[in-house]
Amino acid sequence: MSEHYAELRMYVAPEAIRQANDQWLTRIFEHLALRRLNADHLDLPGVWLAPQLLMAQTCGYPLMTQLRGQVRVIGRPRYELPHSSGGAHCSLLLTRDDNPRHTLADFYNSRGVINGHDSNSGMNLLRERLAPLQRDGRFFAVVDISGAHRESLCRLREDRADLAAIDSVTYDYLARFSPQEVAGLRIVAHSAPSPTLPYIGAWGLQDAQVTAIRLAMNQALEDLPQVAETLGVQEVLAASEDDYRVLLDYQRQAIASGYADLR
């Protein structure tokens, strides 16, 4: 089959990032001599589980909780950004500059905001950090669901929330290309480290195809140094589900401490 879906929707802003992703995908398909199918009609789960999927990026937490045994892991990016390096990233736990709280413990009974319950950077890594500080299974007075990291940042800036965990790659992209979105905010703490968001393909891909896709991704980065510089992606590393088991370890640790649900 010469026609495939390929989408990079996990990091789509600011506009420079979206454009760089599109250029990267175009060159990857040129190297593989394939044609890219339009996936505008598919939501994220639809893309991830499409039999025609060549390559997409997903979050490590749904990879391990929803997609195991249904997709192939192609690799993971080695970002070299201020808060992401060597194939790992983290969450930055942020508040407003003028918030009088300074340590994580100070934020007990404050207003939390997460992008979604299925997010590693927005929820799972935050839960791991707060689990030792919760009391009777609760840390926040209220937790809102924003639907996206950028909306969580907006709620912090507008004093509609006190604490949010933001993916460090998202933060670094915004700090560089849209600094007004992180202006007036400060880092309270860093989360535990996490492997960067994996690239996945359809379950039916053979080992040789997975290797060929990863090689094409890396060749395209070499061809397009400005794209690599904009994205902060130095290379795509080989990866497997085993790399992401640590995310389930963080989940188990929180549950064992009595903090199964972030609240």
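Note that this is a predicted model, so its numbers are computed, not measured.

Novice: What should I look at first to understand the overall build of the chain in this one?
Specialist: Scanning the chain for helices and strands turns up nine helices and 13 strands. Against the globule reference of 18 Å for 263 residues, the chain gives a C-alpha radius of gyration of 19 Å, in line with a compact fold. Principal-axis analysis of the C-alpha atoms gives the chain an extent of 55 × 40 × 35 Å. Looking at the chain as a whole, 55% of its 263 residues qualify as buried. Counted over contacts in the chain with a minimum sequence separation of 6, partners at least 24 positions apart contribute 82%.

Novice: Would you take a moment to explain the layout of surface pockets for this structure?
Specialist: Which parts of space are left empty comes out when a probe the size of a water molecule is rolled across the atoms. Estimates place the volume of the largest pocket at around 580 Å³. Every residue lining the largest pocket is counted, 22 residues in all, and those nearest its centre are Met-10, Asn-115, Gly-147, Ala-148 and His-149. For the lining of the largest pocket, the elements supplying multiple residues, two or more each, are helix 2 (44-48), helix 5 (149-157) and helix 6 (168-177). For the lining of the largest pocket, the per-class residue count stands at 11 nonpolar, seven polar and four charged.

Novice: What exactly am I supposed to notice about helix 1 (residues 15-32) here?
Specialist: Since the α-helix turns once every 3.6 residues, residues separated by three or four places project in the same direction. With 18 residues, helix 1 extends 26 Å from end C-alpha to end C-alpha; this agrees with the ideal 26 Å at 1.5 Å per step. Looking only at helix 1, the buried set comprises Ile-17, Ala-20, Asn-21, Trp-24, Leu-25, Ile-28 and Phe-29. Ala-33 occupies a position one or two residues after helix 1 and carries a positive phi of about 55°.

Novice: It is not clear to me how the domain arrangement of the chain should be interpreted in this structure. Could you clarify?
Specialist: It is common to report an interface's size as the accessible area lost on association of the parts. Here the domain parsing of the chain yields domain 1 (3-84 + 195-241) and domain 2 (88-194 + 248-257). On the domain 2 side, the residues contacting the 24 residues of domain 1 number 28 residues. Contact between domain 1 and domain 2 buries roughly 2,000 Å² in total, counting both sides, with carbon and sulfur atoms accounting for 63%. Per-residue buried area on domain 1 facing domain 2 is highest for Tyr-11, Tyr-61 and His-83; these three make up 34% of the total on that side. The tally of links from domain 1 across to domain 2 stands at one salt bridge.

Novice: Help me understand the nonpolar core, please; the structure alone is not making it clear to me.
Specialist: Across soluble globular proteins, nonpolar side chains have a tendency to be buried as a group. The biggest cluster of nonpolar side chains holds 31 residues, and the ones touching the most others in it are Trp-24, Met-55, Tyr-199 and Met-217. Core analysis: the second largest hydrophobic core is formed by 23 residues, Val-47, Leu-53, Val-71 and Tyr-244 among them.

Novice: When you look at unusual backbone geometry in this model, what are you seeing that I'm missing?
Specialist: When glycine is set aside, most residues are seen to have a negative phi, and most peptide bonds are trans. Between Ala-13 and the following residue, Pro-14, the backbone shows a cis peptide bond with an omega angle of -5°. At Ala-33, a position not held by glycine, the phi torsion is positive, near 55°. Counting through the fold element by element, Ala-33 comes out in the loop between helix 1 and strand 2 (35-36). Phi is positive for Asn-109, which is not a glycine, with a value near 70°.

Cut-offs applied
- Residues numbered from 1 in each chain as written.
- Predicted model: local features only at pLDDT ≥ 70, side-chain atom pairs only at ≥ 80, totals over all residues.
- Heavy atoms only, no water.
- Helix = DSSP H or I, 4+ residues; strand = E, 2+ residues; numbered from the N terminus.
- Rg over C-alpha atoms; globule rule 2.2 N^0.38 Å.
- Buried < 20%, exposed > 50% of the residue type's maximum accessible area, 1.4 Å probe, protein only.
- Contact = heavy atoms within 4.5 Å.
- 1 Å grid on protein atoms, 1.4 Å probe; cavity = no way out; pocket = protein on both sides within 12 Å on 5 of 7 lines; lining within 4 Å.
- Points joined across faces, edges and corners; volume = space filled by probe spheres on them.
- Nonpolar A, V, L, I, M, F, W, Y, C, P; charged D, E, K, R; others polar.
- Expected span 1.5 Å × (residues − 1).
- Domains from an automatic or database assignment.
- Buried area = accessible area lost by both parts, 1.4 Å probe.
- Salt bridge = Lys/Arg side-chain N within 4 Å of Asp/Glu carboxyl O.
- Core = buried A, V, L, I, M, F, W, Y, C linked by side-chain atoms within 4.5 Å.

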